[in-house]
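Listed below, chain by chain, are the residues.
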2 protein chains.
Amino acid sequence: MIEQSLLEKLVEALRCMPGVGRKSAQRIAHYLLQRDRDGAKHLSLLMTDAMEKIGNCKRCRNFTENELCHICLDKKRDKSIICVVESPSDVDAIEEANFRGVYFVLLGHLSPLDGIGPDDIGLNQLETLLNDKELKEVILATNTTVEGEATAHFISEMVKKNGLEVTRIAHGVPMGGELEFVNSMTIVHALDDRKTI
Amino acid sequence: MIEQSLLEKLVEALRCMPGVGRKSAQRIAHYLLQRDRDGAKHLSLLMTDAMEKIGNCKRCRNFTENELCHICLDKKRDKSIICVVESPSDVDAIEEANFRGVYFVLLGHLSPLDGIGPDDIGLNQLETLLNDKELKEVILATNTTVEGEATAHFISEMVKKNGLEVTRIAHGVPMGGELEFVNSMTIVHALDDRKTI
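**Some remarks on the pattern of salt bridges**
(1) Moving on: Counted under the stated rule, the structure contains 14 salt bridges over all chains.
(2) Moving on: A salt bridge links R77 of chain A to D74 of chain A, with the shortest nitrogen-to-oxygen separation between them at 3.9 Å.
(3) Moving on: With a relative accessible area of 6%, R77 of chain A lands in the buried category.
(4) Moving on: Between E12 of chain B and R22 of chain B there is a salt bridge, with its nearest N and O atoms 3.4 Å apart. Of the two residues, E12 of chain B sits in helix α1 (residues 5-14) while R22 of chain B sits in helix α2 (residues 22-35), which places them 10 residues apart along the sequence.
(5) Moving on: Assessed through its relative accessible area of 44%, E12 of chain B is described here as partly exposed.
(6) Moving on: By relative accessible area, which is 34% here, R22 of chain B ends up partly exposed.

**Points about the domain arrangement of chain A**
(1) Moving on: Along its sequence, chain A is carved into domain 1 (5-53) and domain 2 (78-168).
(2) Moving on: Between domain 1 of chain A and domain 2 of chain A, the C-alpha centre-to-centre distance is 35 Å.

**A look at the environment of E8 of chain A**
All names here are of chain A.
(1) Moving on: Looking at the secondary structure, you find E8 in helix α1 (residues 5-14).
(2) Moving on: Once the C-alpha coordinates of E8 and A29 are considered, the two residues, 21 residues apart in sequence, prove to be 9.2 Å apart.
(3) Moving on: In this structure the side chain of E8 is engaged in a polar contact, spanning 3.1 Å, whose partner is the side chain of R22.

**A short note on the sheet that holds strand β5 (residues 137-140) of chain B**
Residue and element names in this part refer to chain B.
(1) Moving on: The strand order across the open sheet formed by 4 strands is β4-β3-β5-β6, and the pairing between neighbours is parallel. Two strands in the sheet have a free side with no partner beyond their single neighbour: β4 (102-105) and β6 (165-168). Across the sheet, the mean angle from the axis of one strand to that of its neighbour is 25°, orientation sign disregarded.
(2) Moving on: In this sheet, β5 lies alongside strand β3 (residues 81-85) in parallel orientation, the contact comprising 4 bridges. Considered in β5, the bridge of I81 is made with E137.
(3) Moving on: Helix α5 (residues 88-95) rests against β3 and β4 of the sheet, and its axis sits at about 155° to β4.
(4) Moving on: Helix α6 (residues 123-130) contacts β3, β4 and β5 of the sheet and is inclined by roughly 155° relative to β4.

**Focus: the relation of the copies chain A and chain B**
(1) Moving on: For the pair chain A and chain B, the superposition axis carries a translation of 0.0 Å, the fit reaches an RMSD of 0.0 Å, and the rotation angle comes to 180°. A rotation of that kind, with that shift, is consistent with a two-fold axis. Identified as the residue of chain A closest to the rotation axis by C-alpha distance is S44 of chain A, at 2.1 Å.
(2) Moving on: Most of the interface of chain A is mirrored in chain B: 100% of its interface residues are interface residues there too.

**Description of the nonpolar core**
(1) Moving on: By size, the foremost hydrophobic cluster in this structure holds 44 residues, and its most contacted members are L14 and M17 of chain A together with L14 and M17 of chain B.
(2) Moving on: When contributions to this core are tallied by element, the ones reaching two or more residues are α1, α2 (22-35) and α3 (37-53) of chain A together with α1, α2 and α3 (37-53) of chain B.
(3) Moving on: Apart from the residues within four sequence positions on either side, M17 of chain B is in contact with L14, M17, I28, L32 and L43 of chain A together with I28 of chain B.
(4) Moving on: Among the nonpolar cores identified, the runner-up in size contains 34 residues, and C57, V105, L106 and A141 of chain A belong to it.

**Description of the environment of R27 of chain A**
Residues and elements named next belong to chain A.
(1) Moving on: Mapped onto the secondary structure, R27 falls in helix α2.
(2) Moving on: Since its relative accessible area comes to 48%, R27 is described here as partly exposed.
(3) Moving on: Each C-alpha atom, one on R27 and one on V11, is 8.8 Å from the other, the two residues being 16 residues apart in sequence.

What counts and how
Residues numbered from 1 in each chain as written. Chains lettered and ligands numbered in written order. Predicted model: local features only at pLDDT ≥ 70, side-chain atom pairs only at ≥ 80, totals over all residues. Heavy atoms only, no water. Salt bridge = Lys/Arg side-chain N within 4 Å of Asp/Glu carboxyl O. Buried < 20%, exposed > 50% of the residue type's maximum accessible area, 1.4 Å probe, protein only. Helix = DSSP H or I, 4+ residues; strand = E, 2+ residues; numbered from the N terminus. Domains from an automatic or database assignment. Polar contact = N/O pair within 3.5 Å; in protein donor to acceptor, adjacent residues only side chain to side chain. Pairing = 2+ DSSP bridges. Axes fitted to C-alpha atoms, helices over the stretch in contact; angles between N-to-C directions. Contact = heavy atoms within 4.5 Å. Least-squares fit on C-alpha atoms with pLDDT ≥ 70 in both. Core = buried A, V, L, I, M, F, W, Y, C linked by side-chain atoms within 4.5 Å.

Pasting the structure below:
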């Protein structure tokens, strides 16, 4: 079956994307071949380019093709607040909420069982940032998983040693969420952190 | 935001794939950058290659990077039966059922309102195939949509003129399907085409 091979190879290669199984890969390959060859060529050029050029910001570890990302370079940003997140996609989520401080991206979380220690998530780099005299507060916005919470705890101890304020983002019932579909751990948090109105 | 641009461009470009919206595109881009840059580079090379080299088989119009596809070249195939389908993915589906005849791929269906006539779906090419003395039967396996049925009807008239047998694949309750979830049109077909056991 030499003739099928190129299409078959393309289908195999498409499976490197998350959530794309064999059937989806076939559908994507057929769709692009039948309807959008130019789009696919454009995509493959950009993909090579992005994979080769995009690295991590020297200061905050977010994705960028330059030495520093656009957020770190932005002079209007409030450099007195650093928000610590696990991944670059978390930065996008917080950006949408119009946060005006700067970030530090861990690119993971502490996971001793997998051999991921403080240096692997850049905490040595964060430590040097903590010496910045402009800095006043570190907001911990790691995920609410066991690893995320443990990582937040570890960083909070580190920040406190430097005499800086350290905060954790609030956990509670999501806006627009219906109470009956919210899990009990969230409700526990929502009750504990209730506010007088 | 010059710094974000390459990543942003990649996210935009990923949306050329079917079923990939902005959020999925972001997730794919971040995943590939964080975890599988080699896979992504391999994919982009193959994608360019496939988009440039894969064309349609001169005989059956299926995808191939050669003049004739591997099915048309296969000497063990039964050339007395042609199965007519709408798209190359339909060929894959029928291949999985171990069909041993050959195919003709319409790459679409008749749709006068969109200006898609017989020649656009290669019926002139199918006509010349009908003159092959080895050919005995044409199986119509177009989709069960209005357009697919109309196309099947049109082709059946064409084949009958050539004095060949023409058949339509059976419609009925799918294997493993639960009767209560099958739509009424399918039940009508299943009852009409009932067999003595």
